[in-house]
Amino acid sequence: KNEVEQSPQNLTAQEGEFITINCSYSVGISALHWLQQHPGGGIVSLFMLSSGKKKHGRLIATINIQEKHSSLHITASHPRDSAVYICAVLRDSGGSNYKLTFGKGTLLTVNP
Amino acid sequence: ETGVTQSPTHLIKTRGQQVTLRCSSQSGHNTVSWYQQALGQGPQFIFQYYREEENGRGNFPPRFSGLQFPNYSSELNVNALELDDSALYLCASSQLGLGSYEQYFGPGTRLTVT
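Attention in this report is confined to the structure presented alongside it. (Residues numbered from 1 in each chain as written. Chains lettered and ligands numbered in written order. Predicted model: local features only at pLDDT ≥ 70, side-chain atom pairs only at ≥ 80, totals over all residues. Heavy atoms only, no water.)

Some thoughts on the interface of chain A and chain B
Move 1: Taken residue by residue, the interface counts 21 residues in chain A and 22 residues in chain B.
Move 2: Interface area for chain A against chain B, summed over the two sides, is near 1,800 Å², with a carbon-plus-sulfur share of 59%.
Move 3: Run the count over chain A and chain B and you get zero salt bridges.
Move 4: Looking at the side of chain A that touches chain B, the elements with two or more residues in it are strand 4 (29–37), strand 5 (43–49), strand 9 (83–91) and strand 10 (100–102) of chain A.
Move 5: Ranked by residue count, the leading element in the side of chain A that touches chain B is strand 4 of chain A, at five residues.
Move 6: For the side of chain A that touches chain B, the residue count by class is nine nonpolar, ten polar and two charged. (Contact = heavy atoms within 4.5 Å. Buried area = accessible area lost by both parts, 1.4 Å probe. Salt bridge = Lys/Arg side-chain N within 4 Å of Asp/Glu carboxyl O. Helix = DSSP H or I, 4+ residues; strand = E, 2+ residues; numbered from the N terminus. Nonpolar A, V, L, I, M, F, W, Y, C, P; charged D, E, K, R; others polar.)

Written as structure tokens, this is what we have:
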């Protein structure tokens with residue numbers, strides 16, 4: 001079992017729909033990242049969370065540390081939101097090695 | 001725009017050859033991490049360099065090696081290339097030690113091994 005699991009793997013939505021992508025992890029973490037990757041492109045960091053909730057424009061990210069679960073929500077989705085969304089956790093190793101462990105990503109396609 | 005750049009953008013190599021990929025970190029960042037992303041998969045941690053010393057390594061063989069320089073640039077070297085090394089290679093820079101876990105990713109280098 002992977003340490004970071006995302007669902008769904010693929011998601012197709014109509015423009016304007018509310019979208020939720022989920023991430024569950026099985027290890028202790030210092031922080032959790034939500035990342036966006038366009039086809040063939042590099043990775044952009046959307047959020048970094050260690051507790052609670054963050055909002056940026058139409059994007060909202062929440063995390064529940066006790067349940068080891070995070071969600072990324074997109075309100076009023078738009079075709080330009082089409083991308084792969086990746087959840088990555090920074091493990092709480094107690095040391096100075098800040099490596100990220102990634103989920104496999106969720107491919108979101110928003111149709112006009 | 002993260003301020004992290006990588007070169008080259010794309011690269012085609014033959015099995016058995018050696019390759020060097022380059023990353024220029026954000027100014028002032030003392031840490032660089034390298035990741036390998038195979039097609040359809042999430043990135044996998046290769047190693048991390050902190051103040052020019054290796055500071056952690058993932059499950060990659062010794063033919064994957066790296067360097068970090070005082071000017072914030074770094075290199076990933078892969079010897080004896082194999083077909084499975086074909087992937088997107090990402091570097092990410094960060095400022096370790098100030099309680100900040102933010103990592104800034106470069107655009108990646110797409111390596112194809114034939």
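What follows continues from the structure just given.
Looking at the nonpolar core
A general trend in soluble globular proteins is that nonpolar side chains are found buried together.
Move 1: In terms of nonpolar packing, the biggest core is built from 23 residues, with Leu 32 and Trp 34 of chain A touching the most fellow members.
Move 2: Broken down by secondary-structure element, the contributors of at least two residues to this core are strand 3 (19–25), strand 4, strand 5, strand 7 (59–64), strand 8 (69–74), strand 9 and strand 11 (106–111) of chain A.
Move 3: Beyond its immediate stretch of four places on either side in the chain, Leu 32 of chain A contacts Cys 23, Tyr 25, Phe 47, Met 48, Leu 49, Ile 63, Ser 70, Cys 87, Ala 88 and Val 89 of chain A.
Move 4: The next biggest cluster of nonpolar side chains, apart from the first, holds 20 residues, and it includes Ile 46, Ala 87, Tyr 89 and Val 113 of chain B. (Core = buried A, V, L, I, M, F, W, Y, C linked by side-chain atoms within 4.5 Å. Buried < 20%, exposed > 50% of the residue type's maximum accessible area, 1.4 Å probe, protein only.)

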